[in-house]
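Architecture and fold: a report
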Amino acid sequence: MSNGKRANAAETSSSQMTLKESLDECMEALDLFLNNQFKESLERLQPRVDESMYHALIYATVLEMQAMMTFQNDDISSAGTTMKSAQEVCQRFRRKSPSLVSKSSGEFLSEVQLHAEVCYAECQLQRAALTFLQDENMVSFIKGGIKVRNSYLIYKDLHSLIKSQNCLKGPSHIHLEGGISFGIGAFNLTLSLFPPRILKVLEFAGFSGDKEHGLSLLDEGATVMNLRSMLCALLLLCYYTFLTFILGTGEGEVVEAEKLLKTFRLRYPRGAIFLFFAGRIEEIKGNIDEAVTLFEDGCKAQQAWKQFHHMCYWELMWCFTYKRAWKMAYFYADLLSQESRWSKAMYVYMKAAYLSMLPKDEARPFGEDEVDLFRQVPTFKQKIAGKSPPTEKFAIRKARRYKAHNPLRLPVPVLEMMYMWNGFSMISKRPELTEGMMQTLVEAERTLLESPENEYSVDDRCVIHLLKGLCLKNQGLFQAAEDCFKKVCSSEKKIRLDHYLIPNSLVELSLLYIDQGRTDEAIKILNKAKHNYKDYSMESRTQFRIHAALAKLKAGPFDDEDTHL
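Because the structure is predicted, anything quoted here is derived from the model rather than measured.

Let us look at the overall build of the protein chain. A count of helices and strands for the protein chain gives 26 helices and 0 strands. Residue burial in the protein chain is summarised as follows: out of 565 residues, 56% are buried. About 25,000 Å² of surface is accessible on the protein chain, with carbon and sulfur atoms providing 52% of the total.

Turning next to the confidence of the model for the protein chain. Of all residues in the protein chain, 88% attain a pLDDT of 70 or more, and the chain-wide mean is 88. Segment residues 1-17: pLDDT under 50, and 4 contacts once partners within four positions in sequence are set aside and those in other chains are kept. Confidence drops under pLDDT 50 across residues 101-106; counting only partners more than four residues distant or on other chains, this segment forms 14 contacts.

Turning our eyes to something else, we now look at empty space enclosed by the protein. Per the stated rule, a full pass over the model turns up 4 cavities of 30 Å³ or more. Here the largest cavity is characterised by a volume of approximately 80 Å³. For the largest cavity, the full set of lining residues is Phe-245, Ile-246, Tyr-419, Met-420, Trp-421, Asn-422, Asn-504, Met-538, Arg-541, Thr-542 and Arg-545. A total of 3 residues in the lining of the largest cavity trace back to one element, the largest contributor, which is helix H26 (residues 539-552). Among the residues forming the lining of the largest cavity, the class breakdown is 6 nonpolar, 3 polar and 2 charged. Of the pockets and cavities examined, the second largest cavity occupies roughly 60 Å³. Secondary-structure elements contributing two or more residues to the lining of the second largest cavity are helix H1 (3-34), helix H3 (53-70) and helix H10 (229-246). Its residues placed into classes, the lining of the second largest cavity shows 8 nonpolar, 1 polar and no charged.

Checked against the element boundaries, Asp-297 lands in helix H13 (residues 288-301). The spacing of Asp-297 and Gly-271 is 26 residues in sequence and 9.8 Å in space, taken between C-alpha atoms. Here Asp-297 is in contact with Arg-270 and Leu-275, once residues within four sequence places are set aside.

All right, on to the nonpolar core then. Counting 185 residues, the largest nonpolar core has Tyr-354, Leu-415 and Phe-424 as its most contacted members. Residue contacts for Phe-424: discarding those within four places in its chain leaves Leu-415, Met-418, Tyr-419, Met-437, Leu-467, Leu-470, Cys-471 and Asn-474.

On to H3. Taking 1.5 Å as the rise per residue, H3 with 18 residues should run 26 Å; its terminal C-alpha atoms sit 26 Å apart, in good agreement. Summarising burial for H3: 16 of the 18 residues are buried, a large majority.

Once that is clear, we can look at the state of the cysteines. The full count for this structure, using the stated rule, is 0 disulfides. No disulfide involves Cys-26; its sulfur sits 8.8 Å from the nearest other cysteine sulfur, which is in Cys-119. Residue classification places Cys-26 among the buried residues on the basis of a relative accessible area of 0%.

Where H13 contacts helix H14 (residues 306-322), the two axes come as close as 9 Å, and the packing angle between them is 160 degrees. Taken together, the axes of H13 and H14 lie roughly antiparallel to each other. The two elements H13 and H14 cross, and the hand of that crossing is left-handed. Of the residues in H14, those touching H13 at Ile-288, Ala-291, Val-292, Phe-295, Glu-296 and Cys-299 are His-309, Cys-312, Tyr-313, Glu-315, Leu-316, Cys-319, Phe-320 and Tyr-322. Taken together, the residues of the contact of H13 with H14 sort by class into 11 nonpolar, 1 polar and 2 charged.

This next bit is on the pattern of salt bridges. Should their charged atoms come close, side chains of opposite charge can pair. This model, assessed by the stated rule, comprises 27 salt bridges. In this structure, the salt-bridge partner of Lys-351 is Asp-334, at a minimum N-O distance of 2.8 Å. Highlighted residues: Lys-351 in helix H16 (residues 344-356) and Asp-334 in helix H15 (residues 326-339), separated in sequence by 17 residues. Lys-351 sits in the buried class, given a relative accessible area of 5%. Assessed through its relative accessible area of 7%, Asp-334 is described here as buried. Across the pair Lys-351 and Glu-368 runs a salt bridge, and its minimum N-O distance is 3.0 Å. With Lys-351 in helix H16 and Glu-368 in the loop between H16 and helix H17 (370-376), this residue pair connects regions lying 17 residues apart in the sequence. One connected set of salt bridges, linked through shared partners, spans Glu-482, Lys-486, Arg-518 and Glu-521.

How two helices sit against one another is set out by the angle between their axes and by the gap between those axes. Where helix H12 (residues 272-284) meets H13, the closest approach of the two axes is 8 Å, and the angle between their N-to-C directions is 170 degrees. In terms of orientation, H12 lies roughly antiparallel with respect to H13. Contact with H12, carried on its side by Ala-272, Leu-275, Phe-276, Ala-278, Gly-279, Arg-280, Glu-282 and Glu-283, involves Ile-288, Glu-290, Ala-291, Leu-294, Phe-295, Asp-297, Gly-298 and Ala-301 of H13 and no other residues of that element. A class-by-class count of the residues in the contact of H12 with H13 yields 9 nonpolar, 2 polar and 5 charged.

To continue, consider the side chain of Ser-337. For Ser-337, the position within the fold is in helix H15. Filtering out sequence-adjacent residues up to four positions away, Ser-337 remains in contact with Lys-344, Tyr-347, Val-348 and Lys-351.

A few words now on the environment of Leu-466. When you line up the elements, Leu-466 lands in helix H22 (residues 457-474). A residue is classified by how much of its surface remains accessible, and Leu-466, at 1% relative accessible area, is buried. In the structure, Leu-466 is positioned 47 residues away from Tyr-419 in sequence and 9.4 Å away in space, judged by C-alpha atoms. Residues contacting Leu-466, with those up to four places away along its chain left out, are Tyr-419, Phe-485, Val-488, Leu-501, Ser-505 and Glu-508.

To continue, consider a positive patch on the surface. On the surface, Lys-381, Lys-383, Lys-393, Arg-397, Arg-400 and Lys-403 cluster together into a positively charged patch. Looking at where Arg-397 falls in the secondary structure, it is placed in helix H18 (residues 390-399). Relative accessible area serves as the criterion here: at 39%, Arg-397 is assigned to the partly exposed category.

Moving on, we get to the side chain of His-310. Turning to its location among the elements, His-310 is positioned in helix H14. Note on His-310: relative accessible area 9%, which makes it buried.

Turning to the packing of aromatic side chains, a few remarks are in order. Tallied over the entire structure, the rule returns 25 aromatic pairs. Both rings, one in Phe-320 and one in Tyr-332, keep their centres 6.0 Å apart while their planes meet at 5 degrees; by these two values the pair is stacked. Remark: Tyr-332 occurs in helix H15 and Phe-320 occurs in helix H14; sequence separation between them is 12 residues. Here Phe-320 and Tyr-332 have matching classes, each one buried. Chaining the aromatic ring pairs together yields one cluster made of Phe-33, Phe-38, Trp-305 and Phe-308. Its end group placed over the ring of Phe-242, Arg-280 keeps NZ or CZ at 4.0 Å from the ring centre. Between Arg-401 and the ring centre of Tyr-456, over which it is positioned, the NZ or CZ distance is 4.0 Å.

About the thresholds
Residues numbered from 1 in each chain as written. Predicted model: local features only at pLDDT ≥ 70, side-chain atom pairs only at ≥ 80, totals over all residues. Heavy atoms only, no water. Helix = DSSP H or I, 4+ residues; strand = E, 2+ residues; numbered from the N terminus. Buried < 20%, exposed > 50% of the residue type's maximum accessible area, 1.4 Å probe, protein only. Areas by Shrake-Rupley, 256 points an atom, 1.4 Å probe, with all protein chains shown as cover. pLDDT = per-residue confidence, 0-100. Contact = heavy atoms within 4.5 Å. 1 Å grid on protein atoms, 1.4 Å probe; cavity = no way out; pocket = protein on both sides within 12 Å on 5 of 7 lines; lining within 4 Å. Points joined across faces, edges and corners; volume = space filled by probe spheres on them. Nonpolar A, V, L, I, M, F, W, Y, C, P; charged D, E, K, R; others polar. Core = buried A, V, L, I, M, F, W, Y, C linked by side-chain atoms within 4.5 Å. Expected span 1.5 Å × (residues − 1). Disulfide = S-S within 2.5 Å. Axes fitted to C-alpha atoms, helices over the stretch in contact; angles between N-to-C directions. Parallel < 35°, antiparallel > 145°, perpendicular 65-115°, else oblique. Left-handed = near helix turned anticlockwise from the far one by under 90°. Salt bridge = Lys/Arg side-chain N within 4 Å of Asp/Glu carboxyl O. Patch = residues over 30% accessible without salt bridge, like charges linked within 9 Å, V, L, I, M, F, W, Y side chains within 5 Å. Lys, Arg positive; Asp, Glu negative; His and termini not counted. Charge placed at Lys NZ, Arg CZ, Asp CG, Glu CD. Phe/Tyr/Trp six-rings, centres within 6.5 Å; stacked < 30°, edge-to-face > 60°. Lys NZ or Arg CZ within 6 Å of the ring centre and 35° of its normal.

This is the structure:
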């Protein structure tokens, strides 16, 4: 062996040892993190962030998670700086060539260089997320998009490279595969959720995600022990317990979520984040009391990161909403309005909404008045990625009614917002909860009928028809539910402000038809909702749901130019 080859061999051997040591120590740090020892986790990582790409990446990832929960500008800025430094550390370990395409044979890439590529791609993706949060101008938004695109291309090339026969499979290959599974899986799953028209806005035209392929890769990454197991598991749990509800048809994937969570619950029985998802699963199953206990346990499990508590408070607020315990729900909305920065406009709106559900002569907690609170909502407007969150815009629009000197009250603001978060699917397995909501709606309808006609009367009646239709569907009274949805649609030209009601009623009617096996009618109505309406409240969310329903029926029309990753 020549001196040069011996030197390269020695360097490779040294790099592999360092890589293994780094991965082992980062696994230990993640273990501390998942056991709620957040400070100790960061202390384990921090000393080597300038020399180890994995220490740098995981340290920055933990700070980014914290920043996204606190939503403090200083935290977001600090996380962005740390992630940029992590990317620079990764860059030092990358092979100096234009792209992976030119080195796709894999024979000249060492194991360290392969790991550097996947870490670099992950840094770019996370920096893009922070860019969207931190900056409001279009230039920054475009820069973030470019980072996402670059990350996507690196993951794509890596995925092809590790499948080739020439790819070096070193001692830490399982962690490399885990990183690629996370990246490719995340892109496929996320892109599969987007309707083609939104994909084009995001400049992803020409690509569509393969949902099943994405789920398979993420499941593989989550169940095979590697550094990205946690990230793969968290993304899957978010998809199974949140995205399928908020952006889908409201069915959830409880069996898959429970199966995935079981392993992590055994390993981290007091892990706050896994207690949270366990609570969410019980909530989806309709076991509201069990969910409340788990969310409360999640809060008790740790006190270091109050931001975890806010996630639990949000779910506790909805749990008590489903039980119509308005004052308890108000209590958690009040806690959120005081402690969380995510959407104060939304929290104050919900406080006002809960108070408005109480009888007029009943004392209000802390002496607060719903009219005053509704009037405050617009003052808390904020922007994320240059735009106000859709739910916040919706809350501000609804609260405008209270600007009048003698405002005309919203009939059921809590139930209307509950619909926006697909809460009626949550109570579908508990007949008594659906019956309680129906009683509230019948009472509100009676009050409307007894009140003089006003400029909002048609809108308010249609809100109640839509929500009654959902309750009737839960009760198996399909014809009565269909009649309610059709009543909303027949009032299209009379609706003054709540134009979102028509496309959403069409979506609910189509989902009702799907349950009855009336597929052709469902597809026709979904396409009508998709193409005939625009510029209404929560339009993007409705379009996501339409896309999910059409995808479920395999009923396009999809963009002919789409290609799978």
